[in-house]
Amino acid sequence: MKKLFLCLSSVFVLAGPWGPALAAFQDPLDVPALQGARPDRATLIQVIRTPGNRLVAVGRYGVVLLSDDAGQTWQQGRVPVSTDLVAASFPSARTGWAVGHGGIVLKTEDGGSAWTVQMDGRKAAVLLKSHYEQRLAAGDPEAQRGLEDALRFQEEGPGRPFLDVWFEDEASGYVVGAYNLILRTRDGGKSWTFLGDQVDNPGALHINAIQKIGDALFLAGEQGKLWRLDPATDKFALVPTPYAGSWFGLVGTSRAVVAFGLRGNVWRSGDGGASWQKIDSGVESTVTAGTRLDDGRIILATSGGATIVSSDEGMSFTPFKVERPMPFFGVAALAGKKGIALAGSRGVRINPAP
């Protein structure tokens, strides 16, 4: 499943005649992704449609695949790391970001053909340390706990992943991840600000997803935690929900928010999160991804290979079949009524819309 896809993507090189027995470790953050990935075999964690109608799929070992013909043919992007990538966001046709394990944040300015590193776990640890040192120097005793965590982060190495990314435009965006890791940029990624103490998350739970629904920006995390940005305070306030499991994403319209998570859980709010109704999804496996078709219908996909559709803004869902199901981690709508793209454990599949 997309947000729990915590795998070991270490890269080794041979060291002398003893081969793998004495292999030397190379951090995936320092090794470019290998070329030659096949869209029918790569493990892909997310697929999105950019404003230019290009499909961009990201996945294990730094793989980025691109298609300009609705998934009929694919080319591979040039990525300077081989760590797993789990999410991407494109505010425009050519400018986009991708995030993943090792605290990696990548940027592209040519639609995904070439990528550069903007942030990794090493830099993120330094950023957190500096943030809490400044708070302590300003006389905030509560910053001591945060500083201790930042020092542990620095000692452990770049193991904390970013799990999602959302950009409003080419300047402003957020990346979110494990242990309340959330950064914001307002200059296209030239600089980043840590916002962890602006999220009502005292347990430092993982933030699995970030999504704008209507005019509201939401975070989704562990233990049934949802947060909504309060523009007046610039803080993410907790949105109470009756669900205690992990949320993996949100989708919706200006009139409804649909949140999804473990064991087929789908919940709907028609009042911005003030109240919630459990929806009978008809599926038992974890709901890992969701999207809206151009006609407004909502598609959800699961780790068990099921796909369901709603024509009434998430009040009810019905199943529909896809060819050659597999564990799905991502879904995107093709332009018009051409169908959907599904990313998963055995590549990316194009299927007619239900």
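Anyway, here's the lowdown on the structure attached to this text. (Residues numbered from 1 in each chain as written. Predicted model: local features only at pLDDT ≥ 70, side-chain atom pairs only at ≥ 80, totals over all residues. Heavy atoms only, no water.)

## Structural notes on the overall build of the chain
- Per the secondary structure count, the chain includes 2 helices and 29 strands.
- For 354 residues, the compact-globule estimate of 2.2 N^0.38 gives 20 Å, and the chain sits close to it at 20 Å.
- Dimensions of the chain along its principal axes, counting C-alpha atoms only, are 55 × 55 × 35 Å.
- Looking at the 354 residues of the chain, the share that counts as buried comes to 56%.
- Long-range contacts, defined as pairs at least 24 residues apart, comprise 45% of the intrachain contacts of the chain with a sequence gap of at least 6.
- Accessible area of the chain: about 15200 Å², with a carbon and sulfur share of 51%.
- Each charge class in the chain was averaged separately, 36 positive and 35 negative side chains, and the resulting centres sit 5 Å apart. (Helix = DSSP H or I, 4+ residues; strand = E, 2+ residues; numbered from the N terminus. Rg over C-alpha atoms; globule rule 2.2 N^0.38 Å. Buried < 20%, exposed > 50% of the residue type's maximum accessible area, 1.4 Å probe, protein only. Contact = heavy atoms within 4.5 Å. Areas by Shrake-Rupley, 256 points an atom, 1.4 Å probe, with all protein chains shown as cover. Lys, Arg positive; Asp, Glu negative; His and termini not counted. Charge placed at Lys NZ, Arg CZ, Asp CG, Glu CD.)

## What to know about helix H2 (residues 143–156)
- Relative to the 20 Å expected for 14 residues at 1.5 Å per residue, H2 spans 20 Å between its end C-alpha atoms, a close match to the ideal helical length.
- Listing the buried residues of H2 in full gives Ala143, Gly146, Leu147, Ala150 and Phe153. Each buried residue of H2 lies within a common arc of 115° when the element is viewed along its axis, so the set occupies one face. In H2, the exposed residues that point more than 90 degrees away from the buried face are Arg145, Glu155 and Glu156.
- Buried-residue contacts for H2 involve helix H1 (121–137).
- Two residues or fewer past H2, Gly157 is found with a positive phi of approximately 95°. (Expected span 1.5 Å × (residues − 1). Arc of directions from axis to C-beta.)

## Section: the sheet that holds strand E14 (residues 193–194)
- Reading across from one edge, E11-E12-E13-E14 is the order of the 4 strands in this open sheet, with antiparallel pairing throughout. Sheet topology places strand E11 (162–167) and E14 at the edges, where each strand pairs with a single neighbour.
- As paired strands, strand E13 (residues 182–185) and E14 are joined by 2 bridges and run antiparallel to one another. When the bridges of E14 are listed, Arg184 appears paired with Thr193. (Pairing = 2+ DSSP bridges.)

## Comments concerning unusual backbone geometry
- Although it is not a glycine, Ala204 adopts a positive phi angle of roughly 50°.
- Its location among the elements puts Ala204 in the loop between E14 and strand E15 (207–213).
- On the accessibility criterion, Ala204 (29% relative accessible area) is partly exposed.
- Phi is positive for Glu313, close to 60°, though the residue is something other than glycine.
- Residue position: Glu313 is located in the loop between strand E25 (307–310) and strand E26 (318–319).

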